Amino acid sequence: MDTVTLDLLRRAHECAERYVTSLPDRRVFPSEEALAALDELDEPLPEAPTEPARTLEVLERVGAPATVAQTGGRYFGFVDGGMLPVGLAARWMADTWDQNTAHYVMSPVAAKLEGVCERWLVDLLGLPAGTAAGFVTGTTLANFSGLAAGRNELLRRKGWDAVEAGLYGAPPLRVVVGADAHAAVHKTLSLLGMGERHVETVPVDDQGRMRSDRLPRLDGPALVVTQAGNVNSGAFDPIGDVCDAVHEANGWVHVDGAFGLWAGASPALRELYAGIEKADSWAADGHKTLNVPYDCGIAFCRDREAFLAAFRASASYFQWSAHRDPMNYTPSMSKRARSIELWAVLKTLGRSGVARLVDGLCAHARRFAERLRAEGFEVHNDVVFNQVLASCGGDDELTSSVLEDLQSGGVCWCGGSTWNGTAVIRVSVCSWATTEEDIERSVAAFVAARRRASGS
Ligand SMILES: *Cc1c(COP(=O)(O)O)cnc(C)c1O
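Residues numbered from 1 in each chain as written. Predicted model: local features only at pLDDT ≥ 70, side-chain atom pairs only at ≥ 80, totals over all residues. Heavy atoms only, no water.

J.: I'd love a proper account of the overall build of the protein chain, names of residues and values included.
T.: Within the protein chain, the regular secondary structure consists of 14 helices and 12 strands. Its C-alpha atoms give the protein chain a radius of gyration of 23 Å, near enough to 23 Å, the size a compact globule of 456 residues would have. Taking the principal axes of its C-alpha atoms as reference, the protein chain extends roughly 65 × 65 × 45 Å. A separation of at least 24 residues holds for 73% of the contacts in the protein chain among residues at least 6 apart in sequence. (Helix = DSSP H or I, 4+ residues; strand = E, 2+ residues; numbered from the N terminus. Rg over C-alpha atoms; globule rule 2.2 N^0.38 Å. Contact = heavy atoms within 4.5 Å.)

J.: Break down the site of the ligand for me, with residues and values.
T.: Taken together, the neighbourhood of the ligand is formed by 13 residues, with Thr140, Asp256, Asp285, His287 and Lys288 sitting nearest. One nitrogen or oxygen atom from the side chain of Asp256 is found 2.7 Å from a nitrogen atom belonging to the ligand. His287 is positioned such that a nitrogen or oxygen atom in its side chain is 3.0 Å from an oxygen atom of the ligand. Alone, the ligand offers 380 Å² of accessible surface; in the complex the protein occludes 84% of this. Tallied by class, residues from the shell around the ligand come to 4 nonpolar, 6 polar and 3 charged. (Near = heavy atom within 4 Å. Polar contact = N/O pair within 3.5 Å; in protein donor to acceptor, adjacent residues only side chain to side chain. Areas by Shrake-Rupley, 256 points an atom, 1.4 Å probe, with all protein chains shown as cover. Nonpolar A, V, L, I, M, F, W, Y, C, P; charged D, E, K, R; others polar.)

J.: So what's going on with unusual backbone geometry? Which residues, and what values?
T.: A positive phi is found at Asn250, a non-glycine position, where the angle reads about 65°. Structurally, Asn250 is set in the loop between α9 (239-248) and β6 (252-256).

J.: For the nonpolar core, give the residues involved together with the corresponding values.
T.: Ranked by size, the top nonpolar core spans 51 residues in total, and within it Leu121, Leu261, Trp262, Leu290, Phe300 and Leu342 carry the most contacts. For this core, the secondary-structure elements that each account for two or more residues are α5 (108-124), β2 (132-136), β5 (222-227), α9, β6, β7 (281-285), β8 (297-301) and α12 (339-374). For this core, the leading source of residues is α12, giving 7 residues. Those residues in contact with Leu290, other than ones at most four positions away along the chain, are Leu84, Trp262, Leu342, Val345, Leu346, Leu349, Val354 and Leu357. By size, the runner-up hydrophobic cluster in this structure holds 29 residues, among which are Ala142, Leu147, Cys301 and Phe307. (Core = buried A, V, L, I, M, F, W, Y, C linked by side-chain atoms within 4.5 Å. Buried < 20%, exposed > 50% of the residue type's maximum accessible area, 1.4 Å probe, protein only.)

J.: Describe in detail the layout of surface pockets, supporting the description with residues and values.
T.: The space that makes up the largest pocket amounts to roughly 1,500 Å³. Taken together, 45 residues make up the lining of the largest pocket; nearest its centre are Ala16, Tyr19, Met83, Leu88 and Trp92. The element contributing the most residues to the lining of the largest pocket is helix α1 (residues 3-22), with 10 residues. The residue inventory of the lining of the largest pocket, partitioned by class, reads 26 nonpolar, 11 polar and 8 charged. Shared between two domains, the lining of the largest pocket holds at least three residues of each, these being domain 1 (3-68) and domain 2 (89-345). Here the second largest pocket is characterised by a volume of approximately 260 Å³. Taken together, 13 residues make up the lining of the second largest pocket; nearest its centre are Asn152, Glu153, Arg156, Ala306 and Ala309. (1 Å grid on protein atoms, 1.4 Å probe; cavity = no way out; pocket = protein on both sides within 12 Å on 5 of 7 lines; lining within 4 Å. Points joined across faces, edges and corners; volume = space filled by probe spheres on them. Domains from an automatic or database assignment.)

J.: Any details on the packing of aromatic side chains? Residues and values, ideally.
T.: Under the definition given, this model contains 11 aromatic pairs. Both rings, one in Phe318 and one in Trp320, keep their centres 5.5 Å apart while their planes meet at 80°; by these two values the pair is edge-to-face. Since its relative accessible area comes to 12%, Phe318 is described here as buried. Clustering of aromatic rings is evident, with ring pairs tying together Phe29, Tyr75, Phe78 and Trp413. Here the basic side chain of Arg450 rests over the ring of Phe377, its NZ or CZ set 4.2 Å away from the ring centre. (Phe/Tyr/Trp six-rings, centres within 6.5 Å; stacked < 30°, edge-to-face > 60°. Lys NZ or Arg CZ within 6 Å of the ring centre and 35° of its normal.)

J.: Go over the sheet that holds β6, please, and point to the residues and values.
T.: The sheet built from 7 strands is open, its strands ordered β2-β8-β7-β6-β5-β3-β4 with mixed pairing. Only two strands of the sheet have a single neighbouring strand rather than two, namely β2 and β4 (199-202). With direction set aside, neighbouring strand axes in the sheet form an average angle of 20°. Relative to β8, β7 runs antiparallel, the two sharing 5 bridges. Counted as the bridge partner of Ser281 is Cys301 from β8. (Pairing = 2+ DSSP bridges. Axes fitted to C-alpha atoms, helices over the stretch in contact; angles between N-to-C directions.)

J.: Quick one: what's the story with the sheet that holds strand β9 (residues 378-379), residue by residue and with numbers?
T.: In spatial order, the strands read β1-β11-β12-β10-β9; together these 5 strands make up an open sheet with mixed pairing. Pairing within the sheet leaves two strands with one partner each, and these edge strands are β1 (75-76) and β9. Together, β1, β9, β10 (387-391) and β12 (422-428) form the strand contacts of α12, whose direction differs from that of β10 by roughly 15°. Running at roughly 35° to β12, helix α13 (residues 396-409) makes contact with β10, β11 (413-419) and β12 of the sheet.

By themselves, these observations are geometric and do not establish any function.
This is how it looks when you write it as structure tokens:
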């Protein structure tokens, strides 16, 4: 029996137990002392080996206190999702298997679960039957995957083989995005050789939604990127209308739905989601709204052939199978078996459980907004999903001081942003673990921070 492995796993399990039980009382953002203690890690590379148990000891003693408690109920930063316990547990199990999932022959179970997740997600999100899914690190890579397929397919329609000939001398391709597109979209377009100068932007309304009546005249195939879930306001572009216009000109519509695509699982959000199924490719994060552990992005593409064509690779040592070979669906080759924890979360929640999770986040966001308004804060967005943008009556200086106080206070954590020219505190309710009591404690922290900042 491998007692070293078993001993280390037991220790890791004990550390994890201590961390999980500490969550309710833990500061959300680390203390100054915990941050300063990280300096202990700035040692030179050890010349000699360290006892593995000692390595874990350092990690728990120095590392754990300097974590941000994202898995607790009072973290509202960015759109960072919480983590359902079954996702973590399944991932632990799968990590002991350490599966590489490039080829089926490397991990039949991971390949099988990719196929199952693909089928389940296409059904759950109401995407067209036969839509392909690739499992990547996050939405940045999922956007990259969908847009690579779209770019290549549109060039193919113009008689150009981008895989073989690249972009050198290729016919120009129009690229259109909303003025409030996520930074990840711009980063992706630049990686794909479609730099900033050529990207056309469509004006947005006061919620950050692309104005479909202001789309440029499209006289040929264009790559158009829409958004389901504005990263500040949570608003959805009128994607169905955009698809109608773009498809008339033989173009391709991609949806950046990092956190918003999960609205498709909720019957209550049908109106918000309407028309999204008309698009050609979609990107979503399992690690946001769905609360799968980190490193879970999903790229969807209606045209399976175009999707697979974008990622084709060959080598004499490859071993293809009659089954799904996961590397055909992503830019990566070696990758961890992220389909396992995704499957575990979907299997455990079921269709109704995902709907309840999404609806719960939205209900908590509305509650948060209501409570902030009742305490005299201004809410700047229509709370249609899980995002709330609040300020101290549009007083930028006061809002920024309150945000700084909140971020260092440890009761809760929110990010900041600028919305229509005003400094705002950005509340993203993205964890299953958030309770009404967490919201009350957080709103009380807002009020106390404002009292301190206004010196009254
Ligand atoms: C988070 C987010 C991204 C980037 O996703 P990653 O998982 O961080 O790569 C892109 N678009 C939107 C709208 C997002 O919220």
